[in-house]
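Residue-level structural notes
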Amino acid sequence: MSGPTDNLILIGGGGHAIVVAEAARRDGMPIKGFLDDNPDPPLARGPASLDRIGSLRALDLCQGSPVHLALGGLQLRRELINAIEAAALDTRSIIDPSATIMRSADHGPALFAAARVVVQPRALIGPWCILNTGSIIEHECVLDANVHIAPGAILAGGVHVGQDTLIGLGARVLPGITIGASCTVAAGAVVTRDVPDHTLVVGVPAKAVEHHR
Ligand code: JB2
């Protein structure tokens, strides 16, 4: 449980926040509590639970504390990113100690990098991205803001991903491909061609099935 010297506030208390909280502790970052609309979400229960200190949009409670946006849904993340930026809150990156980010790679603020992530040389990771468990971002990839790479997904060298896009569980993207903004690459898909903005692609090789978000 959090103690008097703890200070980080997580925004979100669901499954993603459980993973983020553990990585933050491993990274030596004490946690004060979390915001969530659900009065009894997963992070409030079970081992290493934390205290809920307010509703999800009660960002006034975060003034003076470092925060990390700890929920996975991209549309809700986009709304909260806009609110957090408007409130000029002090955002923190959380990087699990087992993640490897090569020295010539770079990332923006508010990154979450989970256990066993690998970011290879000269990759550029934009602000507010999630690199989830065991994902691989190869050399010279460029990720725009609020890109979510799900567990086990792999981007080959030189891939560009537009903002607010989800690369699903275990998906693979071939070298040099450009994926647009607000896209979803379904779990297990293999992307062999560029993907325009606002497109859902599925399958092997990935095909567009829907214009969305
Ligand atoms: O539509 C919503 C809504 N959706 C989620 N309206 C409101 N008011 N709140 C919403 N939330 C809030 O975000 C809930 O309070 C919820 O506790 C919190 C986190 O959402 P959820 O529990 O749905 O999932 P998550 O973001 O923690 O985890 C998802 O993303 C992770 C990256 C899951 O899909 C995980 O399996 C995944 N690993």
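Before reading further, recall that the structure is shown in the block above.
First, a word on scope: everything that follows refers to the structure included in this document. (Residues numbered from 1 in each chain as written. Predicted model: local features only at pLDDT ≥ 70, side-chain atom pairs only at ≥ 80, totals over all residues. Heavy atoms only, no water.)

1. Side note on the overall build of the protein chain
A tally of regular secondary structure across the protein chain gives 2 helices and 24 strands. Across its three principal directions, the C-alpha atoms of the protein chain cover 50 × 35 × 30 Å. The buried share of the protein chain, taken over its 213 residues, is 48%. Sequence-distant contacts, at least 24 apart, represent 29% of the contacts inside the protein chain between residues at least 6 apart. Between the mean site of the 16 positive side-chain charges and the mean site of the 20 negative ones, the protein chain shows a separation of 5 Å. (Helix = DSSP H or I, 4+ residues; strand = E, 2+ residues; numbered from the N terminus. Buried < 20%, exposed > 50% of the residue type's maximum accessible area, 1.4 Å probe, protein only. Contact = heavy atoms within 4.5 Å. Lys, Arg positive; Asp, Glu negative; His and termini not counted. Charge placed at Lys NZ, Arg CZ, Asp CG, Glu CD.)

2. Observations concerning the site of the ligand
Around the ligand, the surrounding shell consists of Gly14, Gly15, His16, Asp36, Asp37, Leu56, Arg57, Leu71, Gly72, Leu76, Asn132 and His148. One nitrogen or oxygen atom from the main chain of histidine 16 is found 2.8 Å from an oxygen atom belonging to the ligand. At 2.9 Å, a side-chain N or O of aspartate 37 approaches a nitrogen atom of the ligand. Calculation on the ligand without its partners gives an accessible area of 730 Å², and the protein chains cover 52% of this total. (Near = heavy atom within 4 Å. Polar contact = N/O pair within 3.5 Å; in protein donor to acceptor, adjacent residues only side chain to side chain. Areas by Shrake-Rupley, 256 points an atom, 1.4 Å probe, with all protein chains shown as cover.)

3. Some words on unusual backbone geometry
Cis rather than trans, the peptide bond between valine 204 and proline 205 has omega equal to -10 degrees. Mapped onto the fold, proline 205 is located in the loop between β23 (199-202) and β24 (207-211). A positive phi is found at alanine 48, a non-glycine position, where the angle reads about 55 degrees. By the secondary structure assignment, alanine 48 is in the loop between β2 (31-35) and β3 (52-54). Residue classification places alanine 48 among the partly exposed residues on the basis of a relative accessible area of 39%. We note that histidine 198 has phi near 60 degrees; this positive angle belongs to a residue other than glycine.

4. A short note on the pattern of salt bridges
A full pass over the atoms with the stated rule returns 7 salt bridges. The partner of aspartate 37 in a salt bridge is arginine 57, and the shortest N-O contact between them spans 3.4 Å. Here aspartate 37 is found in the loop between β2 and β3, whereas its partner arginine 57 is found in the loop between β3 and β4 (66-69), with 20 residues between them in sequence. Judged by its relative accessible area of 43%, aspartate 37 falls in the partly exposed class. Across the pair aspartate 90 and arginine 92 runs a salt bridge, and its minimum N-O distance is 2.7 Å. Look at aspartate 90 and you get partly exposed, because its relative accessible area is 36%. (Salt bridge = Lys/Arg side-chain N within 4 Å of Asp/Glu carboxyl O.)

5. Structural notes on the sheet that holds strand β18 (residues 166-167)
Taken in spatial order, the 8 strands line up as β6-β9-β12-β15-β18-β21-β23-β24 in an open sheet, and their pairing is mixed. This sheet does not close on itself; its edge strands, each paired only once, are β6 (94-95) and β24. (Pairing = 2+ DSSP bridges.)

6. Concerning the nonpolar core
Formed by 48 residues in total, the largest nonpolar core has its most connected members in Leu10, Ile137, Leu143, Leu155 and Ile167. Contributing elements (two or more residues each) for this core: β1 (8-11), α1 (15-26), β2, β9 (112-113) and β12 (130-131). Here the element with the most residues in this core is α1; it accounts for 5 residues. Contact partners of leucine 155, with chain neighbours within four places excluded, come to Ile136, Ile137, Glu138, Cys141, Leu143, Ile149, Val161, Ile167 and Val173. By size, the runner-up hydrophobic cluster in this structure holds 15 residues, among which are Ile9, Ile11, Leu35 and Cys62. (Core = buried A, V, L, I, M, F, W, Y, C linked by side-chain atoms within 4.5 Å.)

7. Description of the side chain of serine 135
Turning to its location among the elements, serine 135 is positioned in the loop between β12 and β13 (136-137). Of the polar contacts made by the side chain of serine 135, one reaches the backbone oxygen of asparagine 132; its length is 2.8 Å. Not counting the four nearest positions on each side in its chain, serine 135 is found in contact with Arg116, Val117, Val118, Ile149, Ala150, Gly152 and Ala153.

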